[in-house]
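Summary of the model geometry
Spelled out, the chains give:
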Amino acid sequence: MTDPVISTSHLKKSFGSKTVLQDVDMNVPAGAVVGLVGTNGSGKSTLIKCLLGLLKKTSGSISLFGEDPWNLSASAKSRLGYVPQIVKLYPWMKVKHIVAYTSAYYDAWDPAWAETLLDRWELPRDHRIATMSPGQLQKLALVLALSYRPELLVLDEPVASLDPVARREFLSSLLELCQHEQHTVLFSTHITSDLERVASHLAILKEGRIVLFDELDAVKDRVKRLRITAANDLPANFAVRGALRSEFSHNRAMVAVGDLDDRLVGELEEKWHADVAVEDLNLEEIFLELHHE
Amino acid sequence: MNNRIAKVAVIRRPSRLGAVWLSYRTRWLMWILAAGVGCILFGLVWSFWTDFRRSKVIPYPGARALTSAEPSAPSPIPSVSVVNRDVQKIDWAHLKSLTVTDVTLCKPLMEKGAIPQLESLTIFGAITDQQLAELCTLHNLRSLTLYDGNSLTEKGLHAWKGQSRLEYLRVLGLTVAHTSPSLDWPPNVQTLICDDTRGVVVQRLDEWRQLPKLTTLSTRLIPGENGMPDETLDSLKGFPVLQRLFVQELGPYYPHLVSDLQSALPNLRVRPNSFDPVVGQRAATILICGLLAMIVMAVQLSSQFVTTASLLMPQFARSHLMPVIAVILLMGGLSFGLDLFVGCSVVASTGLCLAFVLILALGARCIRYLTSLNVVPMPGFNSPQVVLAIVFPPMILQFLLNSCGSEVDWFLRGERPWFSLVLLVASIWGAVDLFRWHIGLKRELEESDAGNVPLGMFDLGGWTNYWRKGQFALQAGEGKRAPYALRWMDSKNDRFIERLQGGNPITTLQLWRIGCVASSRDWLQATTLVIVAIWIAAAFLVPDTLSQFKQMPAFTGFQTLAMGLLLPLAFAFQRRPMQEIELLRPVTRRDWVTTWFYGVAFEILPVLVVGLVFGEIMLWSGTLGIWTVTDALLATVIFLGILSVVFSFGMWALTLNSLWKIALAGFLGYCALLSCLITPPGLQFQKIEWWHTPTIMVPLIGGLYLTAGVGYWIARRSWMNWEVGRSA
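The written sequence of each chain sets the order in which its residues are numbered from 1. The lettering of chains begins at A and the numbering of ligands begins at 1, in the order of writing. Given that this is a predicted model, residues contribute local features only at a pLDDT of at least 70 and side-chain atom pairs are listed and counted only at 80 or more, while totals for whole chains, interfaces and linings are drawn from all residues. To obtain the side-chain values, all non-hydrogen atoms of the structure were used and water was disregarded.

Moving on, we come to the overall build of chain B. Under the DSSP-based scheme used, a helix requires at least four consecutive residues in state H or I and a strand at least two consecutive residues in state E, with every element numbered from the N terminus. Along the backbone of chain B there are 30 helices and 11 strands. Think of it in three bands: residues with accessible area under 20% of the maximum for their type are buried, residues over 50% are exposed, and the middle band is partly exposed, with areas taken using a 1.4 Å probe on protein chains only. Counting every position in chain B, which comprises 728 residues, the buried fraction comes to 52%.

Residues enter a patch when their relative accessible area is above 30% and they make no salt bridge; the linking distance is 9 Å between like charges and 5 Å between nonpolar side chains (Val, Leu, Ile, Met, Phe, Trp, Tyr). Using the Shrake-Rupley algorithm and a 1.4 Å probe, accessible areas are obtained, with residue cover drawn only from the displayed protein chains. Each salt bridge in this description consists of a side-chain nitrogen of Lys or Arg and a carboxyl oxygen of Asp or Glu lying within 4 Å of one another. Where nonpolar side chains cluster on the molecular surface, the patch consists of B:Tyr598, B:Phe602, B:Leu605, B:Val609, B:Val613 and B:Ile617 and spans about 570 Å² of accessible area. Mapped onto the elements, B:Val609 comes out in helix α25 (residues 589-621).

Turning to the packing of helix α26 (residues 629-655) of chain B against helix α29 (residues 694-720) of chain B, a few remarks are in order. Residue and element names in this part refer to chain B. What counts as an axis is a line fitted to C-alpha atoms, over the stretch in contact for a helix, and the angles between N-to-C directions run from 0 to 180 degrees. Following both chains from N to C, one finds α26 and α29 inclined at 25°, their axes separated by 8 Å at the closest point. On the basis of their axis angle, the class for α26 and α29 is roughly parallel. The element α26 and its partner α29 pack so that their crossing is left-handed. Three classes are used: nonpolar for Ala, Val, Leu, Ile, Met, Phe, Trp, Tyr, Cys and Pro, charged for Asp, Glu, Lys and Arg, and polar for all others, with Gly counted as polar. Across the contact of α26 with α29, the residue classes break down as 19 nonpolar, 7 polar and no charged. Working definition: roughly parallel below 35 degrees, roughly antiparallel above 145 degrees, roughly perpendicular at 65 to 115 degrees, and oblique for all remaining angles. Here is the rule for handedness: rotate from the far helix to the near one, and if that takes an anticlockwise turn smaller than a right angle the crossing is left-handed, while a clockwise turn gives right-handed.

Right, let's talk about the pattern of salt bridges for a bit. Should their charged atoms come close, side chains of opposite charge can pair. Residue and element names in this part refer to chain A. Counted according to the given criterion, the structure contains 27 salt bridges over all chains. A salt bridge links Arg79 to Glu151; its shortest N-O distance comes to 3.1 Å. Separated by 72 residues along the polypeptide, Arg79 in the loop between α2 (74-78) and β5 (80-83) and Glu151 in the loop between α5 (134-146) and β6 (152-156) bring together distant segments of the chain. Residue classification places Glu151 among the partly exposed residues on the basis of a relative accessible area of 37%.

Residues and elements named next belong to chain A. One open sheet accounts for 6 strands, arranged β5-β6-β7-β3-β8-β9; its pairing is mixed. Because the sheet does not close on itself, it has two edges, and the strands there are β5 and β9 (209-215). Taking each pair of neighbouring strands and ignoring which way they run, the sheet shows an average axis angle of 15°. Whether two strands pair comes down to DSSP finding at least two bridges between them. As paired strands, strand β3 (residues 33-38) and strand β7 (residues 184-188) are joined by 4 bridges and run parallel to one another. Among the inter-strand pairings, Gly35 is bridged to a residue of β7, identified as Phe187. Contact definition: two residues touch when any of their heavy atoms are within 4.5 Å. Together, β3, β8 (201-206) and β9 form the strand contacts of helix α10 (residues 283-290), whose direction differs from that of β8 by roughly 30°.

This part covers the nonpolar core. By convention a nonpolar core is built from buried Ala, Val, Leu, Ile, Met, Phe, Trp, Tyr and Cys residues, the set being connected through side-chain atoms within 4.5 Å. Core analysis: the biggest nonpolar cluster contains 74 residues, and A:Leu47, A:Leu80, B:Trp592, B:Trp596, B:Val600, B:Met651 and B:Trp719 have the highest contact counts within it. Among the elements that make up this core, the one with the highest residue count is α26(B) (12 residues). In terms of nonpolar packing, the next biggest core, distinct from the first, is built from 56 residues, B:Ile115, B:Ala177, B:Leu214 and B:Trp410 among them.

Let's shift gears to α10(A). Residue and element names in this part refer to chain A. Along α10, the residues that are buried comprise Leu283, Ile286, Phe287, Glu289 and Leu290. For α10, the buried positions fall inside an angular range of 165° around the axis, keeping them on one side. Under this definition, polar contacts are N or O atom pairs within 3.5 Å; protein pairs additionally need one hydrogen-donor-capable and one acceptor-capable atom, and for neighbouring residues in sequence, both atoms have to be side-chain atoms. Between a side-chain oxygen at the N-terminus of α10 and the backbone nitrogen of Glu284 the separation is 3.2 Å; the capping residue is Asn282. By arc we mean the arc of the directions from the helix axis to the C-beta atoms, nothing more.

What follows concerns the side chain of A:Gln138. Residues and elements named next belong to chain A. Tracing the backbone shows Gln138 in helix α5. A polar contact of 3.3 Å, which involves the side chain of Gln138, links it to the backbone oxygen of Pro158. Every residue in contact with Gln138, bar those within four places of it in the chain, is listed here: Val83, Pro84, Gln85, Val87, Glu157, Pro158, Ser161 and Leu162.

Moving on to the sheet that holds strand β1 (residues 6-15) of chain A. Each strand in a sheet pairs with another by means of backbone hydrogen bonds, the pair being arranged parallel or else antiparallel. Residues and elements named next belong to chain A. The strand order across the open sheet built from 3 strands is β2-β1-β4, with neighbouring strands paired in antiparallel fashion. The open sheet has two edge strands with one neighbour each: β2 (18-28) and β4 (59-64). In this sheet, neighbouring strand axes are inclined to one another by 25° on average, regardless of whether the strands run parallel or antiparallel. With 7 bridges joining them, β1 and β2 adopt antiparallel strand pairing. Residue pairing across strands places Thr8 opposite Met26, the latter belonging to β2.

Confidence of the predictor at the level of single residues is captured by pLDDT, which takes values from 0 to 100. Looking at chain A, the pLDDT average stands at 86 and 98% of residues meet or exceed 70. Considering each helix and strand of chain A separately, the mean pLDDT is smallest for helix α6 (residues 164-180) of chain A, with a value of 78, and largest for β4(A), with 94.

What follows is the structure, given as structure tokens:
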């Protein structure tokens, strides 16, 4: 088994007295496409910046390509691509200038691939960056990050400003990149449908902690909704082991569980003389269930 | 649940004006500037308290005001004062200006042909007829100042009748002129200062009337009980080319002497021959104080009206009218302060105080368009009216005080009522116009120049707006030709970028440089052109100040260099948001830091070269006096030390996040910049001699380099630990 591309252990990051990340443990294997989701302010961008060495960890450990990201070597950086949440490029440059400027840093720059991406996303070479919309900037940043085919691509809400067509283009490019070569991708997003389309793994961040990190299919298999119809009215102290959320009225209950197994269904049927229907949840529903207070 | 809600403090709803005040008091920049205003005011009150009664009246024209009456004073290059300097070092053969306490101490002065190129001579001690005759053999002498003419006789004054090149003559204590019915004067003198007329005023005036080139006369006129005697006035009217007349003031005995004479002699410019220079200086200080208050207002208004709320919130503009009125009232109050403490006319000082509003308004209307139309893309500096107000009014004030103090004094006395009134009306118009301009600011930004940052380089939040507004930036201009500066930048990028590859230190540095909006070399060129243009324009507009201009290059040159020094740091500051990406380029953190340090240092290099060349020219041209190689080397060492200090602390400031830290580092850098005044040229310029003492200079230079070293260490450490993710 190969070493994980990204690995964190008990990672903590505080800004003054405010702790943003707490006990974050995560191992991203090579070739994984990890979708990082969380509510606003849950610490997604902070986690990404810590992983890239843009922020200094308060405690714990981080490893990126086996190195400390704070002192990442040049060769490790040449294998790394990053698109920030708000893209900031030199406004006085034109598209062709920023592409040339960026390419000068990377030996592995693929000009043909860059041209393909520029065409695919309809970015005119003579367009000045100052005149571009946030969506166009986002596309340009993606071109700049993808054109040297980095082994690890870190994207902080890369599709937030993209229209549906561009989003689809982006996802197909991402899939193309991942299918041909073994690339690892970590991207944060709020659009769970995109995540479902491309992600192999899911990481859910809640109040600075990773509350769920697993393969997407495994998550879908584990997190389910149970519809319970009992023979009699359910008591006031009705509870289900491992429930994320439960609602009940009279003899009916709806319970979301984080780790379903056959034994649990059997227990419920037996205890309450009930019919238990198991429903699959999509990612958005899983996310909502996990964040239910 | 209800208990939890009850514990949360309900946000109190302030009144509309309260909300405006809240938006002001929560802004750090405002407090920093307000602290500046407070400090100046405190200093002013302190100086009033300790120094007011010790103000002294200086001869006028004299000392600094002399230039207003000295349009063609000989160049003082190279000059020397034998009062304090070792006479053995003086190159007498090339000396052009000389000041001596006692003629007998300066033997070359009495040796024929020893100082052949001497053009300007000032003697504090008494001289005899014989010595005057010797002095008159100096064929190039154009300016002569004698502070003690007591020993000169009628016969001795025959000597300067042959001095045909003498253009400026100032002679004090010429007792022979009190009584003598007939005296000789240099035939081609243009400026004559002689107060010793006593009972023979008319005779003296008749003699001076014979001088065909006399344009400026300063003397003592004695009025009778019914004003100035007719024969005196007749004599004054008969001067062929006289333009300026300076006379003594007689206080309560004859309070309106000067204005009465001006009425009687409309073709002459009549002014008092003495004034208190502190009045102008204090007026200037109060005005700068008011100026800072206005800058606070301008910055605050810009930041308020740049928001979308300015267009959408009801009665937004009306609510923000109050601060404008408050500042204008403050300026009005200052003008009364000027009247009360300094003795200026209320009308004049009000006009002057409010003139800053006019400057702000004009800045907003004119200069802003240059930047908003992207003639020069200068994100971070897009409050040009504020820049204009910070840079130019103090310069203009100082310049006016130095070069035409007489006119400033005359104006402050309220003797230019029409000019004051015009200034006042124009300023009120300016205030209204400035406010109207702010009301439309947001729309203008959205429609035409949204790509520029409106809030200044220290407003970190402004950057986010800048990027988000980018899409609207040039849409109004789509299809138009890009401004020259951008086209020039494009061509530069076309030429260089594509053949650059990172990897070796030189190309990495070149790549780094492409990320700067402009190079310091470009800015030095542009600034030099602007300053030279201002010199030339001012020379034509204010011909009386020409002689003052000869002393200005050192000052303005220093200013240009100071700007050139700060600009690379300012450009670097603008790149802070891009550092997230830049740090992730395939370079180590150490290499990234090194590239930045080298990059900024190479940007400062042109300033260093220009500074050294400029300094050497100033030194060897003699503008700052006689210089030895040791002096020049010392100046260079100190200049480099100061540059290092500014560089170190400037680099440190680039990494800081909180405004206070940035302000602190900036302040340290600025202190270093100001300490240029303690370089040998600066000390020479201020006529301070102690810098020749090794016991002072060695610790000074040592301290300078030690500070630079410590600053460098702090900066390097700060860069190595910089969390760029927090700055983006």
